[in-house]
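# Structural description and commentary
Chain by chain, the residues run as shown.
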Amino acid sequence: MDYLYLDDADADVEAMLRELAAAVAANGPGGAAAGDETDGSYCAGERCACAAWTYDADLYASLRAMEMAAGERSSPDYMTAVQRGRVDPWTRASLVAWMEGITRGHAGLAAGTLQRAGAYVDRYLSVRPLEAVSHRLLALLGATAVFVAAKYEGDLPEERLSAGDAAAAAGAGGLAIARSEVLDRELDLLDALGYRLGRPTAHTFADHFLARYGYSGGDAVHAVAHHLADLTLLDRRSLRIPPSVVAASAVYLARYAATTLADAALPPPLPWEDDGLEAVTGYSVVYLARCMEEMYDVHEMASLWPGYDEMKSRFAIDYLLLPCRLVVPLVLM
């Protein structure tokens, strides 16, 4: 069974937006029923909590709607339909891993740069047929995508990449790429994307889910969740999956990962139906099962994804996923 993630998610978003609009219409933008503020039964703390819940739900609904915007999606079959086989899954995976090396090699780049850069490359290749493919052309495209993504994600100058740095990264290995080529490719990339740069990525959604679960940016679960989402970029099947689904699956699996290989006491698997996943993400574990299985594929059949070993070795934390049958419901296996 294969889920039509995009179609399902479209209906999901529409239902969420209708439910949110109905709640706001009935209770007001702060979520409180009319009259509650004046009858003494609705205290200031409750009013703030209700307003915060409504804001959080509104923000999440907006992110879900944005991720499904047709103009900001890549085509799941662009490698055959647009590129006519000039770019294949192995070439794409190698490019993703090489881009991840740039993001890790330049300390200080904003978190989320790789996810956004990967999305830019896929969207570019979904609309720009390449007449020929060479290592030089792909290196220039990948480095430029990282350059643009770092500017979008970074709030401070030190969280960005200069055009010269991008040219140096693209020209590593003697390709001799000039800074002006990066700037020219940037204009080409922006034109191909229609200057629409802000679609939420799996990193965006993972941060949202982790905060709702109560994990901070410095803990291992947070880091492993983002690393799982990044590794999923290697798999061309991820092109058909909305970023929120990738993020929800990565966060769920990261919570059941041993974060050091030397730790013999693996975290006990809790009953999946009691985990609170759906309350946090809006997705049931049944809906996420296929995505989670594909995440296991990336780890268990690593040789099929060029760049996996490099991305795993560059990650600072050793971790071990619990066996799939302990995490994904048995009825789905």
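Residues numbered from 1 in each chain as written. Predicted model: local features only at pLDDT ≥ 70, side-chain atom pairs only at ≥ 80, totals over all residues. Heavy atoms only, no water.

## Notes on the overall build of the protein
Test applied: Under the DSSP-based scheme used, a helix requires at least four consecutive residues in state H or I and a strand at least two consecutive residues in state E, with every element numbered from the N terminus. Under the scheme applied here, a residue whose accessible area is under 20% of the maximum for its type counts as buried, over 50% as exposed, and between as partly exposed, the area being computed with a 1.4 Å probe on protein chains only. Every residue pair with non-hydrogen atoms within 4.5 Å of one another is taken to be in contact. Reported accessibility uses the Shrake-Rupley method at a 1.4 Å probe radius. Residues are deemed covered only where the shown protein chains occlude them.
Scanning the protein from N- to C-terminus turns up 15 helices and two strands. Counting all 333 residues of the protein, 47% fall into the buried class. For the protein, restricting intrachain contacts to residue pairs at least 6 apart in sequence, the fraction spanning at least 24 positions comes to 79%. Surface exposure of the protein reaches about 15,200 Å², of which carbon and sulfur atoms provide 57%.

## Remarks on the confidence of the model for the protein
In low-pLDDT regions, the fine details of the predicted coordinates are not to be read closely. Applicable threshold: Per-residue confidence from the predictor is reported as pLDDT, a score between 0 and 100.
Summary statistics for the protein give a mean pLDDT of 80 and a share of 76% for residues scoring 70 or more. Model confidence for the protein, summarised as mean pLDDT per element, is weakest for helix α1 (residues 5-27) at 51 and strongest for helix α5 (residues 113-127) at 96. Segment residues 27-43 is flagged for pLDDT under 50; beyond a separation of four residues in sequence, or across chains, it makes 20 contacts in the model.

## Here's the deal with the nonpolar core
Soluble, globular proteins show a tendency: their nonpolar side chains are buried together. The following threshold applies: Take the buried Ala, Val, Leu, Ile, Met, Phe, Trp, Tyr and Cys residues and link them wherever side-chain atoms come within 4.5 Å; each set so joined is a nonpolar core.
By size, the foremost hydrophobic cluster in this structure holds 93 residues, and its most contacted members are Leu234 and Leu253. Among the elements that line this core, the one with the most residues is helix α6 (residues 135-153), at eleven residues. Leave out the neighbours within four places in its chain, and Leu253 touches Leu228, Met292, Met295, Tyr296, Leu321 and Val327.

## Things to note about the environment of Tyr296
Structurally, the position occupied by Tyr296 is in helix α13 (residues 285-300). Sequence separation between Tyr296 and Cys324 is 28 residues, and the spatial gap between their C-alpha atoms is 7.2 Å. Among residues more than four places away in sequence, those in contact with Tyr296 are Leu253, Leu321, Leu322, Pro323, Cys324 and Val327.

## Overview of the packing of helix α11 (residues 243-254) against α13
Note the following rule: Note on method: axes are straight lines fitted to C-alpha atoms, helices fitted across the in-contact stretch only, with angles between N-to-C directions ranging 0 to 180 degrees. For classification purposes, an angle smaller than 35 degrees is called roughly parallel, one larger than 145 roughly antiparallel, one from 65 to 115 roughly perpendicular, and anything else oblique. Throughout this entry, Asp, Glu, Lys and Arg are counted as charged residues, while Ala, Val, Leu, Ile, Met, Phe, Trp, Tyr, Cys and Pro are counted as nonpolar. The remaining residues, Gly among them, count as polar.
Remark: α11 packs on α13, axes separated minimally by 9 Å, with the N-to-C direction vectors making an angle of 75°. Considering their axes alone, α11 and α13 lie roughly perpendicular with respect to each other. Residues Val245, Val246, Ala248, Ser249, Ala250, Tyr252 and Leu253 of α11 lie in contact with α13, whose contacting residues are Val285, Tyr287, Leu288, Cys291, Met292, Met295 and Tyr296. When grouped by side-chain class, the residues that make up the contact of α11 with α13 number 13 nonpolar, one polar and no charged.

## A short note on α6
Heads up, the condition is: Multiplying 1.5 Å by the residue count of a helix minus one yields the expected span of that helix.
Taking 1.5 Å of rise per residue, 19 residues should cover 27 Å, and α6 covers 26 Å from first to last C-alpha, within 8% of that figure. Most of α6 sits out of view: 15 of its 19 residues are buried.

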